Amino acid sequence: MRTHIIINGKEVTNPLIKILLLAVAVSFSFIITLLFLFVILPLLGLAVTLSIGLIVAVFLAVFISIPALMFFMALFGRLFGEAEFRIRR
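Since the structure is predicted, the reported quantities are computational estimates derived from the model, not experimental observations.

A. Quick look at the overall build of the chain. Helices and strands together make up the secondary structure of the chain, namely two helices and two strands. Along the chain, from the amino end to the carboxyl end, the secondary structure elements read β-β-α-α. The buried share of the chain, taken over its 89 residues, is 7%. Across the chain, the fraction of contacts at a sequence separation of at least 24, relative to all contacts at a separation of at least 6, is 34%. Carbon and sulfur atoms make up 74% of the accessible area of the chain, which amounts to about 7,700 Å² in all.

Structure (structure tokens):
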């Protein structure tokens, strides 16, 4: 099963670029989570220590879920065949 990444109608075939796109997506979601936990929650009056505990929990959950997502993606690919998502304007 191959992962197809299509940007502006062209498929990305370089595996290094695919890994970098994945890393950027995970990093972006982690940065958004950091901003939420360290900026918004303290502004709402929650303690920073609670925010640190939550960020550790979210960080562990994100990196524990990656192997699970890979496993289920491979399993569903074998069971149901290839799937493709396309977003067009």
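B. Just the confidence of the model for the chain, in detail. Summing up the model confidence of the chain, the mean pLDDT is 77 and the portion of residues at 70 or higher is 82%. When the elements of the chain are averaged for pLDDT, strand E1 (residues 5-7) gives the smallest value, 78, and strand E2 (residues 10-12) the largest, 83.

C. Main features of the packing of aromatic side chains. In this structure the tally under the stated criterion is three aromatic pairs. Through successive ring pairs, a cluster of aromatic residues spans Phe30, Phe59 and Phe63.

The rules behind the values
Residues numbered from 1 in each chain as written. Predicted model: local features only at pLDDT ≥ 70, side-chain atom pairs only at ≥ 80, totals over all residues. Heavy atoms only, no water. Helix = DSSP H or I, 4+ residues; strand = E, 2+ residues; numbered from the N terminus. Buried < 20%, exposed > 50% of the residue type's maximum accessible area, 1.4 Å probe, protein only. Contact = heavy atoms within 4.5 Å. Areas by Shrake-Rupley, 256 points an atom, 1.4 Å probe, with all protein chains shown as cover. pLDDT = per-residue confidence, 0-100. Phe/Tyr/Trp six-rings, centres within 6.5 Å; stacked < 30°, edge-to-face > 60°.

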